[in-house]
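In case you want the letters, here they are:
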Amino acid sequence: MKIISLKNIFSRTTGQFLLIGLLSLSACKDEPVRLTGNVLPEGEVLQGLNYNEHVLATINTTRDAIQTSQATSGVLGTFNDPVFGKSEGSFVTDFSIGAKVQPSVDVLFYKIDSDSTRILEDVELNNKFDNNNITIETPTDWYDHEKWKPYSEVWTVDSLVLSLQYQFNDWYGDMLDKQKISVYELTEGLGSSSTKYYHNSPIPGHNTTPIASKLVHPNDDVPDSLKSEWWSTNLWKYPDSLLNRPEYLWDQFKVSNDIDSGWLDTGFTGHTTTTKYWNFKLNDEITDRFFNLSEDELLNTSAFKGVFNGLYIDSDDNSTEEGALTKINLPTYSSSNYGTRLTLYYTRNYKYINDAEEVRDTSKQFPYIFPINVENVRFNKYKHPDINDIVTDEPEPETLYLQGMAGSYTQMEFPDEIINWVDSLENTDPYISVSNIEFFMEIDTMSLVSDDYDHPIDSDPDKVRAIQRYPIPQNLSIVWQDDKGEFVTPTYSIIVGGQKFTTPLFGSNADQNGNRSGTGELLPRHIYDDDNNYLRTEYLYYFIMRADFFNYVMRNEDGASLNEKQFFIGPSDNSTANFKRVTLFGGANKEKPMEMNIKYFHYIPR
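This one's a predicted model, so the numbers in the text were calculated from it and none came from an experiment.

Our next topic: the overall build of the chain. Along its length, the chain carries nine helices and 30 strands. Taken over 606 residues, the chain has a buried fraction of 49%.

Now the structure itself:
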C-alpha cells in the first residue's frame, strides 16, 4: 500500500510548520486566496492553499459479518447481476399477537311458541375466533325472558394469509422475471429482541416443507386486460416513469372506461397506489391452529410464541434469468399503517330478519391481524456466491466494487499518513492550519450514461444496463469497527468546558435546517463533450473529513489506535437492506483516481 507522509505536504524551505487551531471554513473555495489589506497587519499574509496530490490507497474486500437484526425491511429474491454476479436475499421474522379484538355483533332471538323475534344489539363476544360454544344470555329485563332464545349460529375459518408489503418501485433487476417464493414455519424460537443476528447467521430450525409457495414478480397485480402498451414493447422506454409513476404500468384509457361502465369501483385507486402486496394463503394445518388459539394465547405473547415461532421466507428460484430483489416492508408503525402481517379471516354464519320481517340466513367475515411490531425479532440473510470473482487481494485496483446486502466493500486506509505527519510536528513552527479535507469518489458506472435527449438511453445496449436500469445508491457511507467488532459510524470526542461532545468524523456542521454536507452524497458534474457536441453529466460521491479531527489527533487523544483503524466504504448503512450497488474508479486509475484534497492556510508573519 502506497504511503505518503503528510509531513511532505507541509515541507517549506523555512522549515516545517505546526498545525494550529483548525478552522471550519464552510465557505472555503477551490482556488487559493490571499488575505491582506485591512484584515491583517501590514506585511503579514494569510494564504489559502490546496494539496490534491494524495491518491488514496484502496482495496476490494468483504466484511466478515454484518448485523441485520431488527431490520425495518427484508430483501427477498435472487438477482443475477451482470457485473457483481448472483445475490440472494431471504429473511426471518416472528409476529405479534396484535391488539385485543372482541367482535361486537347483533343477535336475533325468537320466542318459544310464538312467531315473535327480537334483536339484541352490540353483543360483545370473547377474544376468540371459534365462538360456537358461547352461550348468549337473554337479558333478564325482557318480559318473559325465559321464553326468549337466540338462533343458532356457526363460526368457521376461511383462511390464514401472509401479506408481504412492498412499494411498487422498491425492486432491483428485471421486474418481469417471476420467482417462486416459499414460506417455511420455524420450529425454534428467535429469542428476545436484543438477540443479535447477522447476514450469515444460520437459519433457525424450520420445517423443510413450505406452508405456502407462489410465483410472483413486482407489480404483478396489474390485470392483463389493463396493462399499458409498455409491458409488451419496452418497460424501460421511459425509466423515470417506470420507477416513479405507478400509473405508467396501467392503460389509463381502459381504467377510465372500466370505472365509467361499472367494471371497476368508482373509488378504484389500484392504478395509482404505490403500496403493493404479495398474498400467500397458508396451509390448512396452521390455519386451523390459529383458529383454535385459546384466549390466553391471544392475550399473552409468551403463550402465543409457544404455539407459533415465526416464519422463514425465501426465494427458490435457481434459474439463469436475471431475476430481481424486492424490498419488503416489515414492522407496523400504527393501526393505519400495517407492514407485513398475518391475517386470519373467519366467518359468522347467522340469522337475520329482513325488511319484510322474514328470517333469513346470512354471513359476515371478520379479519384478525397478527402484525410485525418493532419489538419482534427479524433479520435478513444474504448470499453472494460469486463474490470471490470480484474481491481479490489486488492492491490499488483500477475498479472498486461497492455492493449492499453485506456484499463487496472498499477498504480505505489513510490514518498512517496522519500518524506519520503528527509524529513529525515536535520541532515545527505554528504557521499552518488545515481548514477542510475533501474526498472525491468518481463513479465508473456513469461513463456509459447520457441524459441528453438527442442521445436516448436505449439507443445503446450498454447504456440500458447502466444507471437507468440499475439505479445507484444516493449516498455512500464510511464505517469502521468499534471495540466490540461492530461496524459503526466513525466518531471522535472532545472535551469543552468539562463536557464531552461526540462528533461524526465525516460531514460539515449542520445548517439552519439541520442538513449536513460531505456525508457521502451523490453530486452531478456537467461536462461538455467537444467530440460529440453535447452536454454529458457524470457523478461522484463527496465526503468531508472534519478539520478539527486533525487537531484531535495532534493532541494524541486518540493515540496509536488510529494505526489500527480500517475504513470501509459502501452503500449507506442506514439500512442493511440496501440492495443497490455501484462501481468506482480506484486509486490506480490514472484518469480519475480516488483523491483526498486538503485545504489549508499558510500564515506568513512579518
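This paragraph deals with the packing of aromatic side chains. Enumeration over the complete set of coordinates arrives at 35 aromatic pairs. Taking 5.1 Å as the distance between ring centres and 75° as the angle between the ring planes, the aromatic pair formed by phenylalanine 109 and tryptophan 142 counts as edge-to-face. Placement of the pair is phenylalanine 109 in strand β7 (residues 104-111) and tryptophan 142 in the loop between β8 (117-124) and β9 (148-150), with a sequence separation of 33 residues. An identical accessibility class is assigned to phenylalanine 109 and tryptophan 142; each is buried.

Let's shift gears to the pattern of salt bridges. Taken as a whole and assessed by the stated rule, the structure comprises twelve salt bridges. Linking glutamate 247 and arginine 245 is a salt bridge whose minimum nitrogen-to-oxygen distance equals 3.6 Å. Judged by its relative accessible area of 38%, arginine 245 is partly exposed. Members of the salt-bridge network, linked through shared partners, are Glu185, Glu285 and Arg289.

A few words on the pairing of strand β28 (residues 567-571). With respect to burial, β28 is a largely interior element, five of its five residues being buried. Note: strand β22 (residues 476-481) against β28, four bridges, orientation antiparallel. Bridge pairing in β28 links valine 479 to phenylalanine 568.

Reading across the sheet, the three strands line up as β8-β7-β9 and stay open at both edges, with antiparallel pairing between neighbours. Two strands in the sheet have a free side with no partner beyond their single neighbour: β8 and β9. With direction set aside, neighbouring strand axes in the sheet form an average angle of 35°.

Here we take up unusual backbone geometry. The general pattern is negative phi for most residues beyond glycine and trans for most peptide bonds. Although it is not a glycine, glutamine 70 sits at a positive phi angle of roughly 60°. Inspection of the secondary structure assignment puts glutamine 70 in the loop between β4 (57-62) and β5 (73-81). For aspartate 122, which is not glycine, the phi torsion reads 55° and is therefore positive. Its place among the elements puts aspartate 122 in strand β8.

What helix α4 (residues 284-291) keeps buried is the set Ile286, Thr287, Phe290 and Phe291. When α4 is viewed along its axis, its buried side chains cluster within an angular range of 140° and face the same direction. Where α4 is buried, its residues meet β10 (154-173), β11 (179-185), α6 (301-307), β16 (341-353) and β17 (359-371).

Moving on: the nonpolar core. Membership of the largest hydrophobic core comes to 46 residues, with the highest contact counts inside it found for Leu162, Phe290, Leu342 and Phe370. Ignoring any residue separated from it by four or fewer positions in sequence, one finds leucine 162 in contact with Phe95, Val183, Trp278, Asn279, Phe280, Leu282, Leu311, Ile313, Thr340, Arg341 and Leu342. With 28 residues, the next largest nonpolar core counts Leu56, Tyr492, Leu522 and Val582 among its residues.

A distance of 3.1 Å separates the backbone nitrogen of phenylalanine 253 from a side-chain oxygen at the start of helix α3 (residues 252-261), and that oxygen is part of aspartate 251. Glycine 262, located one to two residues past α3, shows a positive phi value of around 90°.

Think of a sheet as strands paired side by side through backbone hydrogen bonds, with each pair either parallel or antiparallel. Read from one edge of the open sheet, five strands run β4-β20-β28-β22-β23, paired in antiparallel fashion. Since the sheet does not close on itself, it has two edges, and those belong to β4 and β23 (487-488), each with one partner. Across six bridges, the pairing between β4 and strand β20 (residues 408-413) is antiparallel. Its bridge partner lying in β20, threonine 58 is registered against methionine 412.

Before going further, it helps to spend a moment on the environment of glycine 191. The topology assignment puts glycine 191 in the loop between β11 and β12 (212-216). The exposure class of glycine 191 is partly exposed, given its relative accessible area of 48%. Along the sequence, glycine 191 and valine 377 sit 186 residues apart, while their C-alpha atoms lie 7.5 Å from each other. Ignoring anything within four residues of it in the chain, the contact list for glycine 191 reads Lys305 and Val377.

Next up on the list: the pairing of strand β25 (residues 499-504). Both strand β24 (residues 491-496) and β25 contribute to a ladder of six bridges, which runs antiparallel. If you follow valine 496 over to β25, its bridge partner there is glutamine 499.

With that out of the way, let us pick up the confidence of the model for the chain. On average, residues of the chain carry a pLDDT of 79, and 78% of them reach 70 or more. Low confidence marks residues 1-41, where pLDDT is under 50. Its contacts with residues over four positions away, or in another chain, come to 103 contacts. Segment residues 446-465 is flagged for pLDDT under 50; beyond a separation of four residues in sequence, or across chains, it makes 32 contacts in the model.

Turning our eyes to something else, we now look at the side chain of glutamate 322. Within the secondary structure, glutamate 322 is located in the loop between β14 (311-315) and β15 (323-329). Among the polar contacts listed, one links the side chain of glutamate 322 to the side chain of tyrosine 470, at a separation of 3.2 Å.

With that settled, the discussion passes to the environment of alanine 303. Locating alanine 303 in the fold gives a position in helix α6. Separated by 206 residues in sequence, alanine 303 and isoleucine 97 have C-alpha atoms that sit 9.8 Å apart. For alanine 303, the residues in contact, after removing those within four places along its chain, are Asp296 and Glu297.

Reading guide: rules and limits
Residues numbered from 1 in each chain as written. Predicted model: local features only at pLDDT ≥ 70, side-chain atom pairs only at ≥ 80, totals over all residues. Heavy atoms only, no water. Helix = DSSP H or I, 4+ residues; strand = E, 2+ residues; numbered from the N terminus. Buried < 20%, exposed > 50% of the residue type's maximum accessible area, 1.4 Å probe, protein only. Phe/Tyr/Trp six-rings, centres within 6.5 Å; stacked < 30°, edge-to-face > 60°. Salt bridge = Lys/Arg side-chain N within 4 Å of Asp/Glu carboxyl O. Pairing = 2+ DSSP bridges. Axes fitted to C-alpha atoms, helices over the stretch in contact; angles between N-to-C directions. Arc of directions from axis to C-beta. Contact = heavy atoms within 4.5 Å. Core = buried A, V, L, I, M, F, W, Y, C linked by side-chain atoms within 4.5 Å. Polar contact = N/O pair within 3.5 Å; in protein donor to acceptor, adjacent residues only side chain to side chain. pLDDT = per-residue confidence, 0-100.

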